[in-house]
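Below are the chains, spelled out letter by letter.
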Amino acid sequence: MQPIVDLIEDIRIDSYLSDDAPRSLADDVLDGLTRPFKELAPKHFYDARGSALFERICDLDEYYPTRTERAILEHHAGAIAATTGARELVELGSGSPAKASLLLAAMDECSRLERYVPMDVSESALRESAATLSKRFPGLRVHGVLGDFERHLDGVPAPLNGGPRLVAFLGGTIGNFPPGTRRRFLRSLADLLGPADHLLLGTDLVKDPRVLEAAYDDSQGITAEFNRNVLHVLNRELNADFEPANFEHVAFFDRRHEWIEIRLRAREACHVRISDLDLDVSFAAGEEMRTEISAKFTRDRVQRDYRAAGLRLSGWYTDPDEQFALSLASRATPAHANGPR
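For every chain, the first residue of the written sequence is number 1, and numbering continues from 1 along that sequence. This being a predicted model, a pLDDT of at least 70 is required before a residue's local features are given, and a value of 80 or more before pairs of side-chain atoms are given or counted; all residues contribute to the totals for chains, interfaces and linings. Hydrogens and waters are ignored; side-chain quantities use all the structure's heavy atoms.

## With respect to the side chain of arginine 228
Phase 1: Helix numbering and strand numbering both begin at the N terminus, where a helix is a DSSP run of H or I of at least 4 residues and a strand a DSSP run of E of at least 2. For arginine 228, the position within the fold is in helix H8 (residues 222-238).
Phase 2: For the exposure calls, accessible area comes from a 1.4 Å probe over protein chains only, and a residue counts as buried if that area is under 20% of its type's maximum, exposed if over 50%, partly exposed in between. For arginine 228, a relative accessible area of 14% translates into the label buried.

Right, here's the structure in full:
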């Protein structure tokens, strides 16, 4: 697929989002809502309203991941920059420039900074981040990729001047993938890496279920509204007639799988028409549909996932309370790749 290219001074933005984006939503909804246990993909939370709600969630006392990951970066960005020797940063699901700025500043201090490659599905977020960081770091080249990291990784440009580079996938987003899909995605990230490149991965860690459940079911109800926002997206984009108020937010820690599971539960029996799909969906009173999982990790689980993806754990950074971790990985040598799993 050829991108639509937009050039502004030192900022280039390639767009891979086209008419197939609504089709992706339609396909996900048709697949998810016709299963015996209904589900929706969490990536569809993030329209403009959903993104604004998530920013509010990140400021909540209960929601520790964002501030904890940022604190780890504040403390360890210099070591990460020195260890990797990276001259460019590729950030998948970039969103706000806050975390990238810490890494870019550390790379700049090492006199290695050349380019920033953010990838996001939100054009406004991508442009704002590109403009902010190009001003903060004069001479920084920005090559933005407007696309979905699940479908458009081939749109990430080749390393500038041969690298090395750091590919960052932060925020614990890797936990939204079930185990098999997660390892396949990590293999696709491994394919992005050259011999001298590194992956920086953010993972939320297993902890007291009460802390986890509070983070995904806050006392102000903002997470609940964020969860219901996916129904507003379906109403607008697919001409559905969901009544979001008819669905209540459910969040719990699944101890067997060690993940948070988020669902929407029908308060009463209802019938929903999704006109663009010519689809009728019925919900019984109390019936639930899953809208997100958020897996929690241990160091051993991260290492096993890396091995399965052909990667090697080369750095581990966490906070004093071990709530969240950033890990560095590089491509495994054959001996590492064929080792025990």
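## As for the pattern of salt bridges
Phase 1: Definition used for salt bridges: Asp or Glu carboxyl oxygen within 4 Å of a side-chain nitrogen of Lys or Arg. For the structure shown, the criterion picks out 34 salt bridges.
Phase 2: The shortest N-O distance in the salt bridge between arginine 87 and glutamate 114 comes to 3.5 Å. Placement of the pair is arginine 87 in the loop between helix H3 (65-84) and strand E3 (88-92) and glutamate 114 in the loop between helix H4 (98-109) and strand E4 (115-120), with a sequence separation of 27 residues.
Phase 3: Judged by relative accessible area, arginine 87 falls into the partly exposed class, the value being 25%.

## Structural notes on the side chain of histidine 198
Phase 1: Here histidine 198 lies in strand E7 (residues 198-204).
Phase 2: The exposure class assigned to histidine 198 is buried, which follows from its relative accessible area of 13%.
Phase 3: Between two residues, a contact is recorded if the distance between any of their heavy atoms is within 4.5 Å. Setting aside anything within four residues of it in sequence, one finds histidine 198 in contact with Thr83, Thr84, Arg165, Leu166, Val167, Leu193, Ser314, Leu328, Ala329 and Ser330.

## Side note on the nonpolar core
One recurring pattern in soluble globular proteins: nonpolar side chains tend to sit buried together.
Phase 1: In this structure, Leu234, Phe242 and Ile274 are the most contacted members of the largest nonpolar core, which totals 39 residues.
Phase 2: Listing elements by their share of this core, those giving two or more residues are helix H1 (20-33), helix H2 (48-58), helix H7 (209-215), H8, strand E8 (247-254), strand E9 (259-266), strand E10 (270-274) and strand E11 (279-283).
Phase 3: The greatest single-element share of this core, amounting to seven residues, is contributed by H8.
Phase 4: Once residues lying within four places of it in the same chain are set aside, the contact partners of leucine 234 are Leu25, Val29, Leu33, Leu40, Asn239, Ala240 and Phe242. In this text, buried Ala, Val, Leu, Ile, Met, Phe, Trp, Tyr and Cys residues form a nonpolar core when linked through side-chain atoms within 4.5 Å.

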